There are 2 protein chains.
Amino acid sequence: MHKNFKGVDKTVFGRGSFDQLGDILAPRRTGDDPYMVFVVDAYFKGKPLAGRLPAEANDRVYFISVEEHEPTTDQIDTLRDEILAQQGLPAGVIGIGGGSIMDIAKALSLMLTNEGSSTQYQGLNLIKKPGVYHVGVPTISGTGAEVSMTAVLTGPVKKLGLKCEWTVFDQLVLDPDLIASVPRDWWFYTGMDTFIHCIESENGHFNNAYSHAYAEQSLALCRQVFTVGQNPETDEKLMVASLMGGLSLTYSEVGVCHALSYGLSKILGTRHCYANCLIMNHLEDYYPEGVAEFKQLAALHQINLPQGLSAEWDDDTITKMAHVSYNLPHMWHHAIGEDWEQHITIDGLKDLFRRL
Amino acid sequence: MHKNFKGVDKTVFGRGSFDQLGDILAPRRTGDDPYMVFVVDAYFKGKPLAGRLPAEANDRVYFISVEEHEPTTDQIDTLRDEILAQQGLPAGVIGIGGGSIMDIAKALSLMLTNEGSSTQYQGLNLIKKPGVYHVGVPTISGTGAEVSMTAVLTGPVKKLGLKCEWTVFDQLVLDPDLIASVPRDWWFYTGMDTFIHCIESENGHFNNAYSHAYAEQSLALCRQVFTVGQNPETDEKLMVASLMGGLSLTYSEVGVCHALSYGLSKILGTRHCYANCLIMNHLEDYYPEGVAEFKQLAALHQINLPQGLSAEWDDDTITKMAHVSYNLPHMWHHAIGEDWEQHITIDGLKDLFRRL
């Protein structure tokens, strides 16, 4: 049984394509008093991009900070309730930002039409109805959230996505100019998310000719980007690499690094791409070549990943992380094999976390 | 103004995925007396694949020969009229075959809901209404028709596609086992269509980071396929190469070879992929490296492309070919530049055809 992968409906790529957003939204403004909801990374508040939003009089613009924490089920439910109470169902949701904003836009689109708390929809195909029209406009590249079938949320119990075909964006606007101002450390952490997606997608049971072709090209682009540094040309390449890395993992699976990263983020709130980098640094046993290359690239960009973090974590904290990670069977099945439970134990995972 | 590219809605890839087709179609069988139309390459009549079609009692199965000619506007109109007269609007159309069958399935889907002759819709965005649900199941790889936004038809005046976002398939089933039985010469001609797509997409004005990434990977796969030969592993690679080559040209454009190929096919009925190969063999002036590589691969597979064909064509025939080719301004703009009319003339095109 092979996956039936849902693709993004429409994609525009190129410098300055952000200025086409107004024309793209226009035919979607149908019905009585249609309005759009813009969900924009608070980083852009007061910046030139905020002045270029094609928002009309009725539209709602939310500047949302993603500094404090990754998207939560509570946050989505509260935002959804406020929007519906004040203005009813919007014609569309436009997310402008990084992976967290992509996830917020995707989750909000779904929760505007699905009753109750988003916690009850964390998992595969639990969503009952299509969401509202939703558009993704990435301003930092690497997470692949722009093409993925999931909107990852941290809930009271799980860090897990709302995963179904309706999660996927109806429209992407990929304008490489928008990622030009990303700070270098986050450019690295987020770009490395793509690199790690490809290493994990390639090294596992579910890899196949389709996911391999995407990972191979995405890795080639990552190498062209991260051996050179950030410039307009490599911004274009990184934007395509992120998309292709996302498509690779969608048709294959992520592995050990993401499983551990979810544990770290769920328990300590560490942001996803940074958590991945902290962990990848210690996974030589699983991905020897990938980790060696990762370390070379980190050194090249003078990215100093902290060591000895686990010295400050008590056993209870580490045990909780291990349980979150253990509870991601599809990743372990991919990375280790069908009999992964014979190789991966809570104690083994705790040892891995203690390397941090 | 950047293109807003419509993607295939859902894609399943992998050996044996053809057996998932019944389950994929089941939820689409809604309404009163829903039925499906299967459009299958006549090559498969009486072959094992014909026995594996998930056709139900009410469904219609057409085995269509694509040997005699490429799809025509007349053919689509007649088929559409017959289907509607006998059984009304179907729930879906499933095309199982090569590029011609893909084009027939896409065009039929559109013409089932758009009144009048398909000749009036040849061109960009002339179609008025979405077609019926349509599924592509390639049995030979290379044309990229499985992902393209066009359904190429030969009409009384033009060889030109029904090109709009509704043309794109709702579902692809990519089963590499289905292309295992392709005869070697057509495996080469059709596979080289992908190779030529990439060479043309890369070498022109509209190439960009997105189309380049797809062309680069598609070319890498083509090289892995055509320096090795046909086997189960290279069948998988060629299927992915075809998809990626198609995506590359969709976001860029084809060039000199396709412009000439359309002229040859329109006037003499030469089949598309074979026509491309006949012409590519003589385009050193435009694509020196690509043509050199093409010739090496042809020699490796002992593909002997005939020479001296034009000796049997009179001036009137060659003039007609040149006019068809000249009348593809988007291809010439891409390949030569905005001022292409200063470089490309009917006489110059006639000289190119005389090389054949």
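Residues numbered from 1 in each chain as written. Chains lettered and ligands numbered in written order. Predicted model: local features only at pLDDT ≥ 70, side-chain atom pairs only at ≥ 80, totals over all residues. Heavy atoms only, no water.

Engineer: Just to check I follow, could you spell out the overall build of chain A for this structure?
Structural biologist: Each helix and strand in chain A was counted, giving 13 helices and ten strands. For a compact globule of 356 residues, the expected C-alpha radius of gyration is about 21 Å, and chain A comes in at 20 Å, within 12% of that figure. Across its three principal directions, the C-alpha atoms of chain A cover 60 × 45 × 45 Å. Within chain A, contacts between residues at least 6 apart in sequence are counted, and of these 76% link residues at least 24 apart. (Helix = DSSP H or I, 4+ residues; strand = E, 2+ residues; numbered from the N terminus. Rg over C-alpha atoms; globule rule 2.2 N^0.38 Å. Contact = heavy atoms within 4.5 Å.)

Engineer: Please explain the pattern of salt bridges as it appears in this structure.
Structural biologist: Opposite charge on two side chains makes pairing possible when the charged atoms of those side chains draw close. This model, assessed by the stated rule, comprises 38 salt bridges over all chains. The shortest N-O distance in the salt bridge between Arg29 of chain A and Asp59 of chain A comes to 2.7 Å. Here Asp59 of chain A lies in the loop between helix H2 (48-51) and strand E4 (60-64) and Arg29 of chain A lies in the loop between helix H1 (21-25) and strand E3 (36-41), a separation of 30 residues in the sequence. Under the relative-accessibility criterion, Asp59 of chain A is labelled buried at 11%. Where Arg60 of chain B meets Glu82 of chain B, a salt bridge forms, and the shortest distance between an N and an O atom there is 3.8 Å. Taken together, the positions of Arg60 of chain B in strand E4 (residues 60-64) and Glu82 of chain B in helix H3 (residues 73-87) put the pair 22 residues apart, joining distant regions of the chain. Residue classification places Arg60 of chain B among the buried residues on the basis of a relative accessible area of 14%. Salt bridges here are not isolated pairs; linked through shared partners, they connect Asp315, Lys350, Asp351 and Arg354 of chain A. (Salt bridge = Lys/Arg side-chain N within 4 Å of Asp/Glu carboxyl O. Buried < 20%, exposed > 50% of the residue type's maximum accessible area, 1.4 Å probe, protein only.)

Engineer: Help me understand the relation of the copies chain B and chain A in this model?
Structural biologist: Note: a rotation about an axis with an accompanying shift along it relates these two copies of the chain. Screw-axis analysis of chain B against chain A gives a translation of 0.0 Å along the axis, an RMSD of 0.0 Å, and a rotation angle of 180°. The superposition of one copy onto the other is thereby described by a two-fold rotation axis. Taken together, the interface assignments show that 100% of the residues at the interface of chain B recur at the interface of chain A, consistent with an identical surface on both copies. (Least-squares fit on C-alpha atoms with pLDDT ≥ 70 in both.)

Engineer: Just to check I follow, could you spell out the interface of chain B and chain A for this structure?
Structural biologist: Accessible area lost when the parts come together is the quantity often used to give the size of an interface. In this complex, chain B contributes 35 residues to the contact, which on the side of chain A involves 35 residues. Counting every contact that joins chain B to chain A gives four salt bridges. One salt bridge in this structure joins Lys6 of chain B and Asp9 of chain A, with 3.1 Å as the shortest N-O distance. For the pair chain B and chain A, the number of links is 23 residue pairs in polar contact (both at pLDDT 80 or more). For the side of chain B that touches chain A, the secondary-structure elements that each account for two or more residues are strand E1 (4-6), strand E2 (10-13), helix H6 (209-226) and helix H7 (232-251) of chain B. At eight residues, the largest contribution of residues to the side of chain B that touches chain A is made by H6 of chain B. Grouping the constituent residues of the side of chain B that touches chain A by class yields 16 nonpolar, eleven polar and eight charged. Sheet topology places strand E2 (residues 10-13) of chain A next to E1 of chain B; three bridges connect them, and they run antiparallel. Pairing of Val12 of chain A across the sheet is with Asn4 of chain B, part of E1 of chain B. (Polar contact = N/O pair within 3.5 Å; in protein donor to acceptor, adjacent residues only side chain to side chain. Nonpolar A, V, L, I, M, F, W, Y, C, P; charged D, E, K, R; others polar. Pairing = 2+ DSSP bridges.)

Engineer: I keep staring at the packing of helix H6 (residues 209-226) of chain A against H6 of chain B and nothing clicks. Help me out?
Structural biologist: At a closest axis distance of 10 Å, the pairing of H6 of chain A and H6 of chain B adopts a crossing angle of 125°. As judged from the angle between their axes, H6 of chain A and H6 of chain B are oblique. The two elements H6 of chain A and H6 of chain B cross, and the hand of that crossing is right-handed. Listed contacts from H6 of chain B to Ala213, Tyr214, Glu216, Gln217, Leu221 and Gln224 of chain A of H6 of chain A are Ala213, Tyr214, Glu216, Gln217, Leu221 and Gln224 of chain B. A per-class count over the contact of H6 of chain A with H6 of chain B returns six nonpolar, four polar and two charged. (Axes fitted to C-alpha atoms, helices over the stretch in contact; angles between N-to-C directions. Parallel < 35°, antiparallel > 145°, perpendicular 65-115°, else oblique. Left-handed = near helix turned anticlockwise from the far one by under 90°.)

Engineer: It is not clear to me how the side chain of Lys350 of chain B should be interpreted in this structure. Could you clarify?
Structural biologist: Residue and element names in this part refer to chain B. Looking at where Lys350 falls in the secondary structure, it is placed in helix H13 (residues 346-354). The exposure class assigned to Lys350 is buried, which follows from its relative accessible area of 10%. At 3.0 Å, the side chain of Lys350 forms a polar contact with the side chain of Asp315. Within the structure, Lys350 has its side chain in polar contact with the side chain of Thr319 (distance 3.1 Å). Filtering out sequence-adjacent residues up to four positions away, Lys350 remains in contact with Asp315, Ile318, Thr319 and Ala322.

Engineer: Explain unusual backbone geometry here, please?
Structural biologist: In most cases, non-glycine residues show a negative phi, while peptide bonds are predominantly trans. Residue and element names in this part refer to chain B. The phi angle at Asp33 is positive, at roughly 45°, despite the residue not being glycine. Within the secondary structure, Asp33 is located in the loop between helix H1 (21-25) and strand E3 (36-41). Even without being a glycine, Asn125 presents a positive backbone phi close to 55°. Note on placement: Asn125 falls in the loop between strand E6 (123-124) and strand E7 (133-138). Among the residues examined, Asn125 registers a relative accessible area of 52% and is labelled exposed.

Engineer: Sorry if this is basic, but what is going on with the nonpolar core here?
Structural biologist: As a rule of thumb, nonpolar side chains are buried together in soluble globular proteins. Residues Phe188 of chain A together with Phe188 of chain B are the most contacted members of the largest nonpolar core, which totals 241 residues. In this structure, Phe188 of chain B is in contact with Phe226, Cys277, Phe294, Leu297, Ala298, His301 and Ile303 of chain B, ignoring residues within four places of it in sequence. (Core = buried A, V, L, I, M, F, W, Y, C linked by side-chain atoms within 4.5 Å.)

Engineer: Sorry, what's going on with the UniProt feature "domain: Alcohol dehydrogenase iron-type/glycerol dehydrogenase GldA" (unreviewed entry) in chain A here?
Structural biologist: The UniProt feature table records "domain: Alcohol dehydrogenase iron-type/glycerol dehydrogenase GldA" (unreviewed entry) at residues 10-176 of chain A. Each end of residues 10-176 of chain A is marked by a C-alpha atom, and these two atoms are 17 Å apart; helix forms 22% of the span and strand 26%. (UniProt positions renumbered as here; feature names shortened; annotations may be inferred.)

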